[in-house]
Amino acid sequence: MPGAGFVLREHQHIRYNPLRDDWVLVSAHRMKRPWQGQGEKPVQEDVPRYDPSNPLCPGATRANGKVNPEYESTFVFDNDFPALEPDAPEPSVGDHPLFRSASAQGVCKVMCFHPWSDMTLPLMALPEIRAVIDKWAELAVELGATYPWVQIFENKGAMMGCSNPHPHCQVWASNFLPNEARLEDRTQREHLQARGQPLLLEYGRLEAQRKERLVVENTDWLVVVPYWAVWPFQTLLLPRRHVTQLQDLSADERDSLASIMKRLLTKYDNLFEVSFPYSMGWHGAPTGSHLGEDCGHWLLHAHYYPPLLRSASVRKFMVGYEMLAQAQRDLTPEQAAQRLRSLPEEHYRTRAQAAQ
């Protein structure tokens, strides 16, 4: 029970994140302070449908001289400037425990969602989103046959470092488990051993019952602003069934995933009536050499990390205390969820077109 006088929406407190085994400081009273800091440039809304100079467009010539096919759905190609390559030489292990190195090999791919540059996932039709999901699962199988970790991620918007205004994501596969994967593997394994059920499966069921941080849900999926959220409108996408990898989703689950993604991302765009920037990515059970292991402690899930806080031009910065001490947020997760939950599920651009 909260202490006398404590009001969740007004008083600072810290919250535990069992998935990362760390804490976040919630300072709800700070939302009352005036903002005189940096404002961002308006998000570009007038993206041309086709630009021959955009290297992601059908028929465009990329930096390495290769020409894209005239694709009509998804299109996958090897990243022209990969962070990981499959034949990188092995480093020496180092001559001291404080100077260690290890092998880093892999592949990096780019996946276009749609041939039109002015299209984004919330504006795409459900069958088009389903095609994206199917391609994700296909790549997870293909790359996961060799590599222990396949990271699918989307950086949407220039604010998140996206250099090309075209609907796309990246897929990096590595011969090692990255930091976030190793951390989630440990915390989920420890939770299963301690409580007898997968961490995120138990958490999702509790959130579905409590409703206070729920944003959208359907038969197979739910989206919440997690209790331990760091970013203002951060969300966590969870399946209701115990499934550990994208490729294990049934046809119905893939259809309902397309639906709930469209609903969530439409709400994001409607929040400030702007093409909402974010970084998102899928986490699931390790693959490659781990395929024969029992990974029942895992639950497939997607993280969405959007930076916007007060408006389309005011973002949250991870600086100072966040870099040197621990994560901190102002808006409570419950307030963020309520705002997202109350938004319409018809896209603001569709409404504007209908009003003309």
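In the annotation of an unreviewed UniProt entry, the chain is listed under the name Galactose-1-phosphate uridylyltransferase and assigned to Alligator sinensis. The Catalytic activity (unreviewed entry) comment attached to the chain in UniProt states, word for word, "alpha-D-galactose 1-phosphate + UDP-alpha-D-glucose = alpha-D-glucose 1-phosphate + UDP-alpha-D-galactose". Recorded under Function (unreviewed entry), the UniProt text for the chain is reproduced unchanged: "Plays an important role in galactose metabolism."

**Q** Report on helix H3 (residues 199-210), specifying residues and quantitative values.
**A** Compared with an ideal rise of 1.5 Å per residue, which puts twelve residues at 16 Å, H3 spans 17 Å between its outermost C-alpha atoms and is within 8% of the ideal. The complete set of buried residues in H3 reads Leu199, Leu200, Leu201, Glu202, Tyr203, Gly204, Glu207 and Ala208. Looking at the packing, one finds that the buried side of H3 touches helix H2 (179-195), strand E8 (221-224), strand E9 (235-239) and strand E11 (301-305).

**Q** Lay out the UniProt feature "binding site: Fe cation" (unreviewed entry) in the chain with the relevant residues and their values.
**A** The sites that UniProt annotates as "binding site: Fe cation" (unreviewed entry) are Glu184, His283, His301 and His303. These residues run over 120 residues, yet every pair of their C-alpha atoms falls within 12.5 Å of each other. Residues from the named set that contribute to the lining of the largest cavity are His283. Here His283 lies in strand E10 (residues 278-283). Residue classification places His283 among the buried residues on the basis of a relative accessible area of 9%. Not counting residues within four places of it along the chain, the set of residues in contact with His283 comprises Trp149, Gln151, Glu180, Glu184, Trp298, Leu299, Leu300, His301 and His303. For His283, the side chain forms a polar contact with the side chain of Glu184, separated by 3.0 Å. Mapped onto the elements, His303 comes out in strand E11. Residue His303 is classed as buried on the basis of its relative accessible area, which comes to 7%. In this structure His303 touches Leu19, Glu184, Thr235, Leu236, Ser279, Met280, Gly281 and His283, once residues within four positions along its chain are discounted.

**Q** Please set out the pattern of salt bridges residue by residue, giving values where relevant.
**A** Overall, the coordinates contain 24 salt bridges when judged by the stated rule. Its salt-bridge partner being Arg186, residue Asp21 comes within 3.4 Å of it at the nearest N-O pair. A residue pair is termed long-range when its members are at least 10 positions apart, and Asp21 in the loop between strand E1 (13-17) and strand E2 (22-26) and Arg186 in helix H2 qualify at 165 residues. Overall, Asp21 belongs to the partly exposed group, its relative accessible area being 38%. Given the relative accessible area of 33%, Arg186 is considered partly exposed. Note that Asp118 is salt-bridged to Arg49, the shortest N-O span being 3.1 Å. Taken together, the residues Asp118 in the loop between strand E4 (106-112) and helix H1 (126-144) and Arg49 in the loop between E2 and strand E3 (75-78) connect sequence positions 69 residues apart. Owing to a relative accessible area of 40%, Arg49 belongs among the partly exposed residues under this scheme. Counted as one network, the salt bridges with shared partners bring together Arg15, Glu207, Glu212, Arg213 and Glu334.

**Q** Describe the packing of aromatic side chains, with residues and values.
**A** Following the criterion strictly, the structure yields 15 aromatic pairs and no others. Aromatic pair Phe113 and Trp136: ring centres 6.2 Å apart, planes at 80°, arrangement edge-to-face. Taken together, the residues span a long stretch of sequence, with Phe113 in the loop between E4 and H1 and Trp136 in helix H1 at a distance of 23 residues. A residue is classified by how much of its surface remains accessible, and Phe113, at 2% relative accessible area, is buried.

**Q** An account of the sheet that holds strand E14 (residues 327-329) is needed here, citing residue identities and associated values.
**A** Taken in spatial order, the three strands make up an open sheet running E1-E2-E14, and their pairing is mixed. Single-partner strands in this sheet number two, and they are E1 and E14. With strand direction ignored, the average angle separating the axes of adjacent strands in the sheet is 30°. Two strands pair when backbone bridges link them, and E2 and E14 are joined in this way by three bridges, in the parallel orientation. Considered in E14, the bridge of Val26 is made with Arg329.

What counts, and at which threshold
- Numbering of residues starts from 1 in each chain and follows the order in which that chain's sequence is written.
- With pLDDT at 70 or above as the cut-off, local features in this predicted model cover only qualifying residues; side-chain atom pairs require 80 or more to be listed or tallied, and sums for whole chains, interfaces and linings still use all residues.
- Heavy atoms from the whole structure form the basis of all side-chain values; hydrogens and water molecules are not counted.
- UniProt positions are given in the numbering used here, feature names are shortened, and annotations may be inferred rather than shown by experiment.
- Helix and strand definitions follow DSSP, with helices as H or I runs of at least four residues and strands as E runs of at least two, each counted in order from the N terminus.
- The span expected for a helix works out to 1.5 Å for each residue beyond the first.
- A simple rule labels every residue: compare its accessible area, found with a 1.4 Å probe on the protein chains alone, to the largest value its type can have, and call it buried under 20%, exposed over 50%, or partly exposed in between.
- The contact rule is simple, with two residues in contact once any of their heavy atoms fall within 4.5 Å.
- With a 1 Å grid spanning the protein atoms alone, the term cavity applies to any set of points in which a 1.4 Å probe fits but cannot get out, the term pocket to an open set with protein on both sides within 12 Å along at least five of seven lines, and the term lining residue to any residue with an atom within 4 Å of a point.
- Pairs of N or O atoms are called polar contacts if they sit within 3.5 Å, as long as, within protein, a hydrogen donor faces a hydrogen acceptor (for residues adjacent in sequence, only side-chain-to-side-chain pairs).
- Salt bridges, as used here, are contacts in which a Lys or Arg side-chain nitrogen is within 4 Å of a carboxyl oxygen on Asp or Glu.
- Pairing of aromatic side chains here covers Phe, Tyr and the six-membered ring of Trp, requires ring centres within 6.5 Å, and sorts the geometry by plane angle: under 30 degrees stacked, over 60 edge-to-face, intermediate tilted.
- Any two strands with at least two DSSP bridges between them are considered paired.
- Axis geometry follows a simple rule: fit a line to the C-alpha atoms, using only the stretch in contact for helices, then measure angles between N-to-C directions, giving values from 0 to 180 degrees.

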